[in-house]
Amino acid sequence: MTVNELIKDCGLEVIHTGDADAVITEPYCCDLLSVAMGNAPAGCAWCTVMANMNTLAVASLADCACIILCCSANADDNMKLKAVSQDLTLLRTDRPIFDMALEVYNRIHG
């Protein structure tokens, strides 16, 4: 499943689309940046409520396919601008983290 397919299938709000053709390997749930930095798998759809600039840095280091801000977490203007400047896909949903990650998992694995 690509990021673009996920956006369309799940009705996610797009804050910025980086590589819409990036293949999502699996969902990843974590709100502790130091843990995510060492454990987020490349190509993951990172589901989190951590709406800050450091989240973008970790996502870039971990080579995440996209970041999904869950539970209606809001990206401030600085985070939005940084997502654009780093060309990182930043999405948003009102769904809880687990529910969104389960949706991603089910769409990947059927």
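It should be noted that the structure appears before, not after, this text.
Residues numbered from 1 in each chain as written. Predicted model: local features only at pLDDT ≥ 70, side-chain atom pairs only at ≥ 80, totals over all residues. Heavy atoms only, no water.

Participant: Can you lay out a negative patch on the surface for me, pointing to particular residues and giving the numbers?
Facilitator: Together, E5, D19, D21 and D87 make up a negatively charged patch on the protein surface. Structurally, D19 is set in the loop between strand 1 (13-16) and strand 2 (27-29). Given the relative accessible area of 46%, D19 is considered partly exposed. (Patch = residues over 30% accessible without salt bridge, like charges linked within 9 Å, V, L, I, M, F, W, Y side chains within 5 Å. Areas by Shrake-Rupley, 256 points an atom, 1.4 Å probe, with all protein chains shown as cover. Salt bridge = Lys/Arg side-chain N within 4 Å of Asp/Glu carboxyl O. Lys, Arg positive; Asp, Glu negative; His and termini not counted. Charge placed at Lys NZ, Arg CZ, Asp CG, Glu CD. Helix = DSSP H or I, 4+ residues; strand = E, 2+ residues; numbered from the N terminus. Buried < 20%, exposed > 50% of the residue type's maximum accessible area, 1.4 Å probe, protein only.)

Participant: Go over the environment of G38, please, and point to the residues and values.
Facilitator: Positionally, G38 belongs in helix 2 (residues 33-39). Remark: the alpha-carbon pair of G38 and L61, spanning 23 residues in sequence, is separated by 9.4 Å.

Participant: Talk me through the packing of helix 3 (residues 53-62) against helix 4 (residues 77-86); I want residue IDs and the actual numbers.
Facilitator: When two helices pack together, you describe them by how their axes are tilted relative to each other and by the distance separating the axes. At a closest axis distance of 9 Å, the pairing of helix 3 and helix 4 adopts a crossing angle of 20 degrees. Considered as vectors, helix 3 and helix 4 are oriented roughly parallel to each other. Helix 3 and helix 4 meet at a crossing whose hand is right-handed. Across the interface between the two elements, M53, T55, L56 and S60 of helix 3 pack against N78, M79, K82, A83 and Q86 of helix 4. Of the residues that constitute the contact of helix 3 with helix 4, the class distribution is four nonpolar, four polar and one charged. (Axes fitted to C-alpha atoms, helices over the stretch in contact; angles between N-to-C directions. Parallel < 35°, antiparallel > 145°, perpendicular 65-115°, else oblique. Left-handed = near helix turned anticlockwise from the far one by under 90°. Contact = heavy atoms within 4.5 Å. Nonpolar A, V, L, I, M, F, W, Y, C, P; charged D, E, K, R; others polar.)

Participant: Account for the layout of surface pockets, with residues named and values stated.
Facilitator: By volume, the largest pocket amounts to about 160 Å³. Every residue lining the largest pocket is counted, 15 residues in all, and those nearest its centre are D63, C64, A65, C66 and L88. Elements represented by at least two residues in the lining of the largest pocket include exactly helix 3 and strand 4 (66-69). Tallied by class, residues from the lining of the largest pocket come to eight nonpolar, four polar and three charged. (1 Å grid on protein atoms, 1.4 Å probe; cavity = no way out; pocket = protein on both sides within 12 Å on 5 of 7 lines; lining within 4 Å. Points joined across faces, edges and corners; volume = space filled by probe spheres on them.)

Coordinates in, geometry out; function isn't part of it.
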